[in-house]
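Take a look at the letters that make up each chain.
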Amino acid sequence: MTEERYNIRETEAKWQKFWDETKAFEVTEDESKPKSYVLAMLPYPSGRIHVGHVRNYSLSDVVARYKKAKGFNVLNPMGWDALGLPAENAAIERNTHPKDWTYDNIAQMKEQLLSMGLAIDWSREIATCDPEYYRHEQKMFLDFYKNDLAYRKESIVNWDPVEDTVLANEQVVDGKGWRSGAPVERRKLYQWFFKITEFADDLLQGIETLDRWPDKVRTMQTNWIGKSQGIEFNFDIKGGDLPADAKLNVYTTRIDTIFGTSFAVLAPEHPYANLLAETDTEAKAFIEDCMALGTSEEAIERAEKKGFKTPYTVTHPFTNEEMPVYIGNFVIYSYGTGAIKSAPAHDERDHAFATKYGLPIRPVITGPNFVEGEAYGPKGTLINSGEYDGLTSDEAMSKIIARMEEMGIGKGVTNFRLRDWGVSRQRYWGCPVPFVHCEDCGLVPVPENQLPVELPYDINYDKPGNPLDRHPTWKHTTCPSCTKDALRETDTCDTFFESSWYFLRYLDPKNTERGFADKKSNYWMPVDQYIGGVEHAVLHLLYSRFFMRALKKCGYEVPDEPFAGLFTQGMVTHATYKDVDNNWIFPADVENKDGIWMISDNGQPVTQGAVIKMSKSKKNVVDPQDIIDTYGADAARLFILSDSPPERDLEWTVGGIEGAWRFVNKLHRAVTEATSYLPEVGTVQPTKFSDAASKLRSTTHKAIVGVAEDIDAFHMNKAVARIRELSNALTAFTPNDDADKWAMREGYEALVRLFNPMMPHLAEELWSLMGHTTPLTQTPWPSHDDALLKDDKVTIGVQVNGKVRATITLDSGATKEQAEKIAMEQDGVQKAIEGQTVRKVIVVPGRIVNIVAN
RNA sequence: GGGGCUGUGGCGGAAUGGUAGACGCUGCAGACUUAAAAUCUGUUGUCCUUUGGACGUGGGGGUUCAAGUCCCCCCAGCCCCA
């Protein structure tokens, strides 16, 4: 007997070729089947896939293949999030071109993804840097502009004076540019915005309908939108060069603390602050100092609270007390009205500020855990507040709002933390904003028939700043309106633009007229199952939701919500290693001998450190390609699915991948051996089975149902456990007659179909080895017999006073009385109740018998 | 500071309020082998006076015939927002 070892490389390549040649995963709209749109977050083409990608696509592939087997018309596409800053940085560092770098990376990563054997319709592949892609988003930009959803306004940005560019908040680290290290300045610039705030309430309400999203993500979006009920009211303000009837408008969510107010604070950008700066050089210097701080809330929050006392005073609306007005570096101009009333006894920032500048701190709210001398933040009961004393915060707020409205000085308003989405980037490798600046006509949209506004290829990075701005010819054009010489807009779009609608482009990727046809959207949308990392919980997912509403307003036919189901996977972690000189060492370079870690090449000792998220800087990464080359895609996929629940972090270990690899080989061996004596495909079911065969069949049919339930619930680790159980039952089974063999074939055929979503190459190989000519890609999920899901006998525990004293096996139809009788007969039970009186016997059929005695 | 998640053997993790530890990894013992690898079999929560029993799901309380699971308080770790 020749025992052929399972040749992973050849077999996996063979089936990948087969799927490709038979176009196994290409789909079109088919009204005869229910559709299922399975989507993994599209990758950024960095050049190499990482283990996080493997986890993401292994999950989406399980869902896609499973849904297909369950009779759904499954769309599972893939593309490239190809615009963005890393390509430009790489171009600068390696003296290459962002476009070339990006397309090289796409080619490499595609090859790697192909080696995973994913059930993807590659005919729909897109790259967002393709002008045929971004022409449609330029059209959308124009539609947004027409529908009052895109606008340009002067706003304050983080400016890197060395790089000559605007930085996003997350690119500012400790007040310095992340690349240049230069202190960031706040500058006023004209920037493009999308009016996401128009849908603030709708986006908030929509969250309620997303019942197949993780609560965590829904909470984060709710907090991000940050709806608050408050009041805007006017202080009378005087002093300096202010006009006699000047008012200071402030917003607060805690008007219940109004009697504790002892000062007011203006944001550095507030008009009254600027007015003062015109004549007061110290004020001017202070404001400039504040502007040197980044614009992020975090940066502002972290900085030391500083204030500048102005000559202004405000009048308390109820007590008529004259109170000082400061300019403060901690007040955010874009939130509320850019000025605050203080509540030093009830807000930490105000408390710190008042302490520093010796301002009165008067407690006006009390409640549990109130500590004298510390800021007390929670709502409570009012004190020191005149006629409002004794009211709860909520009662007081509605009364005070009503009173201020009556006085004509304020009104209750709803405020959102959500800001309009700034989409301008002063960068080359992005989608050009399709506008022209004309001296006579002003801002002019590029006519649709001139789209796309394409990026020039010939650029240089000799100098910092935006290459588009410095390009000798590109920005010089004529005004579409008056034909005079004019300048193109040189801003490009935030790359979140591309990812906000790419899932619509997959539906109709070759359409040259429109981004997508309505009928395609109506058939496929919404995405039934979206899978990706939780790091996109707010921005990408919120922007995509905004896009649906915006596109709808512009006449596109799209659903309100783009993603009906969302699953966020956990991170992949790995142990870290350091050598004697405290350098990080790659896991691939170390080995464990007799419990001691050392460098494989020279035997030098290595210490194992914490298990943390894989990161290049800590070198605790494994290259998925190495894994796939060594163990095969099936083993890699199996391991990544089997060890941890998908929503939790997964620790990558050598032992784990080897265990998966052993299972792959075990399955191959078991099926190969069994096939030599099993009946042929399609042999008629025998009429009688031995007890052992019946039990095996029961195990098979339970697995069919259980694995489906587990996949539906994203419990992939449990699905794998059930598959192993079935496999164990089958390999432990020794057939004695033809009926036994028939039951074994039934079991193995089910087994192969059950693990097909996880290990598709092995499954196809074994399926064909067992004599099937129809590939698994066209084979439905196995059917099951309900009668075989029930057991004849059931083993249950018998408790005395809640402690297990015996186990008994009963017919599954046994009555409560029978169960109680048999339970009472058990030695262990008798011993336990000896000398006691039985007070009560609880029988839960099929579950438990509990005898209460004392 | 606010919000959220998590806490179960040596490890990853299972358990509609009903026999805690499925499935796997590791370890140990054995079989096969000249040997090793691979494979197979058994075993693997702790403790005890070991044919039995006690204890055991971060800690403390509570509800219940019955709590890993539900409720309250606390501790630790992680994530998000500040």
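Predicted, not measured: the structure shown is a model, and the values here were computed from it.

Undergrad: I tried to follow the sheet that holds strand E26 (residues 529–533) on my own but got confused; where do I start?
TA: By definition, the strands of a sheet pair up through backbone hydrogen bonds, in either a parallel or an antiparallel sense. Spatial ordering of the open sheet is given by E2-E1-E26-E27, a layout of four strands whose pairing is parallel. Where the open sheet ends on each side, the last strands, each with one partner, are strand E2 (73–75) and strand E27 (566–569). Adjacent strand axes in the sheet meet at a mean angle of 20°, parallel and antiparallel pairs treated alike. Where E26 meets E27, four bridges bridge the pair, whose relative direction is parallel. Bridge pairing in E27 places Gly 532 opposite Thr 568. Along the sheet, helix H2 (residues 51–69) contacts strand E1 (35–40), E2, E26 and E27; its crossing angle with E1, the most-contacted strand, is approximately 175°.

Undergrad: I keep staring at the confidence of the model for chain A and nothing clicks. Help me out?
TA: A low pLDDT score tells you not to read the predicted coordinates there in detail. Across chain A, the average pLDDT comes to 88, with 96% of residues at or above 70. Overall fold confidence (pTM) sits at 0.88, and the ipTM for the predicted complex is 0.93.

Undergrad: What is the right way to read helix H22 (residues 716–731) from this model?
TA: Look at H22: 23 Å from first C-alpha to last across 16 residues, which is about the 22 Å you get at 1.5 Å a residue. For H22, the full list of buried residues reads Met 716, Asn 717, Ala 719, Val 720, Ile 723, Leu 726, Ser 727 and Leu 730. Of the surrounding secondary structure, the elements contacted by the buried residues of H22 are H2, helix H19 (633–642), helix H20 (654–675), helix H21 (691–712) and helix H23 (738–755).

Undergrad: Teacher, can you tell me more about the pairing of strand E36 (residues 838–844) here?
TA: Remark: a regular strand shows side chains that alternate across the two faces of the sheet. By the bridge criterion, six bridges tie E36 to strand E37 (residues 848–853) in an arrangement that is antiparallel. Looking at E37, one finds that Lys 840 is bridged to Val 852. In textbook terms, the turn of a hairpin is the stretch between consecutive antiparallel strands, and for E36 and E37 this stretch comprises three residues, one of which, Gly 846, has a positive phi near 75°.

Undergrad: Looking at this model, I keep getting lost on the packing of H2 against H21. Mind explaining?
TA: Packed helices, taken two at a time, are described by the angle their axes make and the gap between the axes. It is the contact of H2 with H21, at a shortest axis distance of 11 Å, that shows an interaxial angle of 130°. Relative to H21, the element H2 is oriented oblique. In this structure, H2 crosses over H21, and the sense of that crossing is left-handed. Contacts from Val 62, Tyr 66 and Lys 67 in H2 reach Ala 708, Ile 711 and Asp 712 in H21. When grouped by side-chain class, the residues that make up the contact of H2 with H21 number four nonpolar, no polar and two charged.

Undergrad: Whenever I open this one, the pattern of salt bridges confuses me. Can you help?
TA: Two side chains with opposite charge may pair up if their charged atoms get near one another. Using the criterion set out here, one finds 40 salt bridges in the structure. Across the salt bridge formed by Arg 425 and Asp 494, the nearest N and O atoms sit 3.2 Å from each other. One end of the pair, Arg 425, is in strand E20 (residues 424–425); the other, Asp 494, is in the loop between strand E25 (492–493) and helix H14 (496–499), and 69 residues separate them in sequence. A relative accessible area of 7% places Asp 494 in the buried class. Between Asp 791 and Lys 702 there is a salt bridge, and its shortest N-O distance comes to 2.9 Å. One end of the pair, Asp 791, is in the loop between helix H24 (760–769) and strand E34 (793–800); the other, Lys 702, is in helix H21, with 89 residues separating them in the sequence. In this structure Asp 791 comes out as partly exposed when scored by relative accessible area, which is 39%. Each of Lys 139, Asp 143, Lys 146 and Glu 448 takes part in salt bridges that share partners, so that together they form one network.

Undergrad: Whenever I open this one, unusual backbone geometry confuses me. Can you help?
TA: Negative phi characterises most residues that are not glycine, and trans characterises most peptide bonds. Cis peptide bonds are those with omega within 30 degrees of zero, and the linkage from Leu 451 to Pro 452 qualifies with 0°. Residue placement: Pro 452 occurs in the loop between strand E22 (442–445) and helix H13 (467–470). A cis amide bond, omega -5°, links Met 525 with the succeeding residue Pro 526. Among the structural elements, Pro 526 can be located in the loop between helix H16 (518–524) and E26. A positive phi angle, close to 65°, is found at Asp 148, a residue other than glycine. If you trace the backbone, Asp 148 turns up in the loop between helix H5 (131–146) and strand E5 (150–160). Residue classification places Asp 148 among the partly exposed positions, given a relative accessible area of 45%. Backbone geometry at Asn 801 places phi at a positive 50°, although glycine is not the residue there. One can find Asn 801 in the loop between E34 and strand E35 (803–811).

Undergrad: Explain the pairing of E26 to me, please; I cannot follow it from the model alone.
TA: Here E26 lies mainly inside the structure; five of its five residues are buried. Note that E1 and E26 share three bridges and pair parallel. Paired with Leu 39 across the strands is Tyr 530, a residue of E26. A crossover connection joins E26 to the parallel E27 through helix H17 (residues 539–553); in handedness this β-α-β unit is right-handed.

Undergrad: I'm lost on the protein's contact with RNA strand B in this one. Help?
TA: Of all residues adjacent to RNA strand B, which total 32 residues, the nearest are Arg 417, Lys 718, Thr 795, Arg 847 and Asn 850. A share of 74% is what sugar and phosphate atoms reach among the atoms of RNA strand B within 4 Å of the protein. Ser 644 is positioned such that a nitrogen or oxygen atom in its side chain is 3.1 Å from a sugar or linking oxygen of RNA strand B. At 3.2 Å from a phosphate oxygen of RNA strand B is found a side-chain nitrogen or oxygen belonging to Arg 805. A breakdown of the residues in the surface near RNA strand B according to their chemical character gives eight nonpolar, nine polar and 15 charged.

Reading guide: rules and limits
Along every chain, residues carry numbers that run from 1 in the direction the sequence is written. Just so you know, chain letters begin at A and ligand numbers begin at 1, following the order they were written in. With pLDDT at 70 or above as the cut-off, local features in this predicted model cover only qualifying residues; side-chain atom pairs require 80 or more to be listed or tallied, and sums for whole chains, interfaces and linings still use all residues. The side-chain values count all of the structure's non-hydrogen atoms but skip hydrogen atoms and water molecules. Two strands qualify as a pair provided DSSP detects at least 2 bridges between them. In DSSP terms, a helix is any run of H or I states spanning at least four residues, a strand is any run of E spanning at least two, and both are numbered starting from the N terminus. For helices, the fitted axis covers only the stretch in contact; all axes are lines through C-alpha atoms, and the angles between them, taken along N-to-C directions, range from 0 to 180 degrees. Any two residues whose heavy atoms approach within 4.5 Å at even a single point are treated as in contact. pLDDT expresses, on a scale from 0 to 100, how confident the predictor is about each individual residue. In this scheme, a helix's expected span is set at 1.5 Å multiplied by one less than its residue total. The buried label goes to any residue with under 20% of its type's maximum accessible area, the exposed label to any with over 50%, and the partly exposed label to all in between, with areas taken from a 1.4 Å probe on protein chains only. Note on angle classes: values under 35 degrees are labelled roughly parallel, values over 145 roughly antiparallel, values of 65 to 115 roughly perpendicular, and the remainder oblique. Put simply, a crossing is left-handed when the front helix is turned counterclockwise from the back one by less than a right angle, and right-handed when it is turned clockwise. Each residue is assigned to one of three groups, with Ala, Val, Leu, Ile, Met, Phe, Trp, Tyr, Cys and Pro labelled nonpolar, Asp, Glu, Lys and Arg labelled charged, and all others, Gly among them, labelled polar. When a carboxyl oxygen of Asp or Glu is within 4 Å of a side-chain nitrogen of Lys or Arg, the pair counts as a salt bridge. With strands facing away from the observer, any crossover in which the path from the first strand over the helix to the second runs clockwise is taken as right-handed. In this text, near means that some heavy atom of the residue lies within 4 Å of the molecule or strand in question. In protein, a polar contact means a hydrogen-donor-capable atom and an acceptor-capable atom, both N or O and within 3.5 Å, with residues adjacent in sequence counting only if both atoms are side-chain atoms; elsewhere, any N or O pair within 3.5 Å suffices.

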